[in-house]
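If you want the building blocks of each chain, they are given just below.
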Amino acid sequence: MTLVLYRIDDRLIHGQVVVGWGQPLDLEFIVLVDDTVAASDWEQELYRMGVPPEMEVYFHTVADAIAALPKYQGDKRPGLLLTGDIPTMQKLVEARSIPTVNVGGIHSKPGRTQRMRYVFLTQEEAQELRAIAAKGAVVTAQDVPGARPVSLDDMISGEAL
Amino acid sequence: MPPRAIVAGHGEFAAGLISAVQQITGRGAQLVPVAVQKLSVTDIEALLRAKMMEAGVHVIFTDLQAGSCTMASRRILRGMDDAVLVAGANLPTLLDFVFADAKTPTDAARHAAERGRAAISVHGAGA
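Residues numbered from 1 in each chain as written. Chains lettered and ligands numbered in written order. Predicted model: local features only at pLDDT ≥ 70, side-chain atom pairs only at ≥ 80, totals over all residues. Heavy atoms only, no water.

1. Considerations on the overall build of chain B
Summing up its helical and strand segments, chain B has 5 helices and 4 strands in all. When the helices and strands of chain B are read in sequence order from the N terminus, they spell out β-α-β-α-β-α-β-α-α. In terms of overall size, chain B behaves like a compact globule, its C-alpha atoms giving a radius of gyration of 14 Å where 127 residues would be expected to give roughly 14 Å. The principal-axis extent of the C-alpha atoms belonging to chain B is close to 45 × 35 × 25 Å. A burial count over chain B gives 46% of its 127 residues as buried. Put simply, 68% of the contacts in chain B that link residues at least 6 apart link residues at least 24 apart. Accessible surface computed for chain B: about 6,200 Å², of which carbon and sulfur atoms make up 55%. A distance of 2 Å separates the average location of the 12 positive side-chain charges in chain B from that of its 11 negative side-chain charges. (Helix = DSSP H or I, 4+ residues; strand = E, 2+ residues; numbered from the N terminus. Rg over C-alpha atoms; globule rule 2.2 N^0.38 Å. Buried < 20%, exposed > 50% of the residue type's maximum accessible area, 1.4 Å probe, protein only. Contact = heavy atoms within 4.5 Å. Areas by Shrake-Rupley, 256 points an atom, 1.4 Å probe, with all protein chains shown as cover. Lys, Arg positive; Asp, Glu negative; His and termini not counted. Charge placed at Lys NZ, Arg CZ, Asp CG, Glu CD.)

2. Describing the side chain of B:Asp96
Residue and element names in this part refer to chain B. With respect to the secondary-structure elements, Asp 96 resides in helix 4 (residues 91–99). On the basis of relative accessibility, which here comes to 13%, the residue Asp 96 falls in the buried class. If we ignore the near neighbours within four places in the chain, the residues touching Asp 96 are Ala 108, His 111, Ala 112 and Arg 115.

3. Some thoughts on the interface of chain B and chain A
Think of interface size as the accessible area that goes away when the parts come together; that is how it is often given. The interface of chain B with chain A comprises 18 residues on the first partner and 19 residues on the second. When the two sides are added together, the surface that chain B and chain A hide from each other amounts to roughly 1,600 Å², 56% of it contributed by carbon and sulfur. Counting across the chain B and chain A interface gives 1 salt bridge. A salt bridge links A:Glu43 to B:Arg75, with the shortest nitrogen-to-oxygen separation between them at 2.5 Å. For the interface between chain B and chain A, the tally reads 6 residue pairs in polar contact (both at pLDDT 80 or more). Elements supplying a minimum of two residues to the side of chain B that touches chain A: helix 2 (41–55) and helix 3 (68–77) of chain B. A total of 4 residues in the side of chain B that touches chain A trace back to one element, the largest contributor, which is helix 3 of chain B. (Buried area = accessible area lost by both parts, 1.4 Å probe. Salt bridge = Lys/Arg side-chain N within 4 Å of Asp/Glu carboxyl O. Polar contact = N/O pair within 3.5 Å; in protein donor to acceptor, adjacent residues only side chain to side chain.)

4. Quick word on the confidence of the model for chain B
Caution applies to low-pLDDT parts of the model: their predicted coordinates are not meant to be read in detail. Averaged over all residues, the pLDDT of chain B equals 94, while 99% of them reach at least 70. Taken together, the chains of this predicted complex give a pTM of 0.87 and an interface ipTM of 0.78. (pLDDT = per-residue confidence, 0-100.)

5. Description of helix 1 (residues 13–25) of chain B
All names here are of chain B. For helix 1, spanning 13 residues, the distance from its first C-alpha to its last is 18 Å, which sits close to the expected 18 Å at 1.5 Å a residue. Buried-residue contacts for helix 1 involve strand 1 (5–9), strand 2 (31–35) and helix 4. Following helix 1 by one or two positions, Gly 26 has its phi on the positive side, about 75 degrees. (Expected span 1.5 Å × (residues − 1).)

6. So, the side chain of A:Gln44
All names here are of chain A. Take Gln 44: it is sitting in helix 3 (residues 41–48). At a separation of 3.1 Å, a polar atom in the side chain of Gln 44 contacts the main-chain carbonyl oxygen of Val 37. The residues contacting Gln 44, other than those within four sequence positions of it, are Val 37, Ala 38, Ala 39 and Phe 59.

7. Describing the layout of surface pockets
One number sums up the size of the largest pocket: a volume of about 540 Å³. Along the wall of the largest pocket there are 24 residues; nearest its centre are A:Asp10, A:Leu12, A:Asp34, A:Gly84 and B:Thr42. Residue assignment for the lining of the largest pocket shows that the elements contributing at least two residues are helix 2 (35–38), helix 3 and helix 5 (86–95) of chain A together with helix 2 of chain B. The element contributing the most residues to the lining of the largest pocket is helix 5 of chain A, with 4 residues. Residues that form the lining of the largest pocket fall into these classes: 8 nonpolar, 5 polar and 11 charged. Around the second largest pocket, the lining comprises 18 residues; the ones closest to its centre are A:Arg11, A:Gln16, A:Arg117, B:Gln37 and B:Lys38. Broken down by secondary-structure element, the contributors of at least two residues to the lining of the second largest pocket are strand 5 (100–105) of chain A together with helix 3 of chain B. (1 Å grid on protein atoms, 1.4 Å probe; cavity = no way out; pocket = protein on both sides within 12 Å on 5 of 7 lines; lining within 4 Å. Points joined across faces, edges and corners; volume = space filled by probe spheres on them. Nonpolar A, V, L, I, M, F, W, Y, C, P; charged D, E, K, R; others polar.)

8. Quick look at the sheet that holds strand 9 (residues 150–151) of chain A
Residues and elements named next belong to chain A. The mixed open sheet is built from 7 strands, whose spatial order is 3-2-4-1-5-8-9. In this open sheet, the two strands that pair with only one neighbour each are strand 3 (56–60) and strand 9. Here 4 bridges tie strand 5 to strand 8 (residues 138–141), and the two strands are oriented parallel to one another. Bridge pairing links Val 101 to Val 139 in strand 8. This element, helix 4 (residues 62–73), spans strand 1 (3–9), strand 2 (29–33), strand 3 and strand 4 (79–83) of the sheet and lies at about 140 degrees to strand 3. (Pairing = 2+ DSSP bridges. Axes fitted to C-alpha atoms, helices over the stretch in contact; angles between N-to-C directions.)

Structure representation (structure tokens):
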């Protein structure tokens, strides 16, 4: 196995990730890439308490994650890499080969337009997703495994709303 | 009786459980439902904080240990010595809580958590 899902989700570790994806994929570890969380022991403990004891969580800054990614991609266990925003994932994609990017949840805030039930994007963020796709990653939106993956074009156009 | 606790979770978890509490006891008004669909973690935290202030309560019940509401609540409770979060709440938990009005809300929440934990049973198929 390897990293089986690369996900952008502004809620980071939460029910959909741990239970919704974690159980069907038999996830054994999560790589959480977030500079703020990586700098805070308290935040890390908060997220560790949200996962079952048999699931490992590794915390990295973006820079650390770029260096560590080949190790996780070669890991024999099934794992999930998680970022809380698009620019963080974009930096990883620009530095390393990442085959797919799952947009799992980017929620409402000022300046964003609703594109799907769980995806709100600014124009700049839409361009960042296109830049990720241009690097060779297949970008789709899918909140839970049972949902239909939505293409980047349909996600950005709001066709799937 | 005024509100004594917030109930928050996925989908219509809060409204559904409070509806059941109201149907069984008539005491659903002690619980304030919070739904958080479409909200970011930051907005969930702000909403829960505002609901707590508005209702004047220091108890939060949530559905799932890993849930966004639980994460946000733990951030809110950081540094609040007089507040309690019960994660993994179920209907027996809330029923016990609404009847424990002689206790302080935080004591009632702790008691209700134990009652909810003990209320799960398995029957049949050799159990």
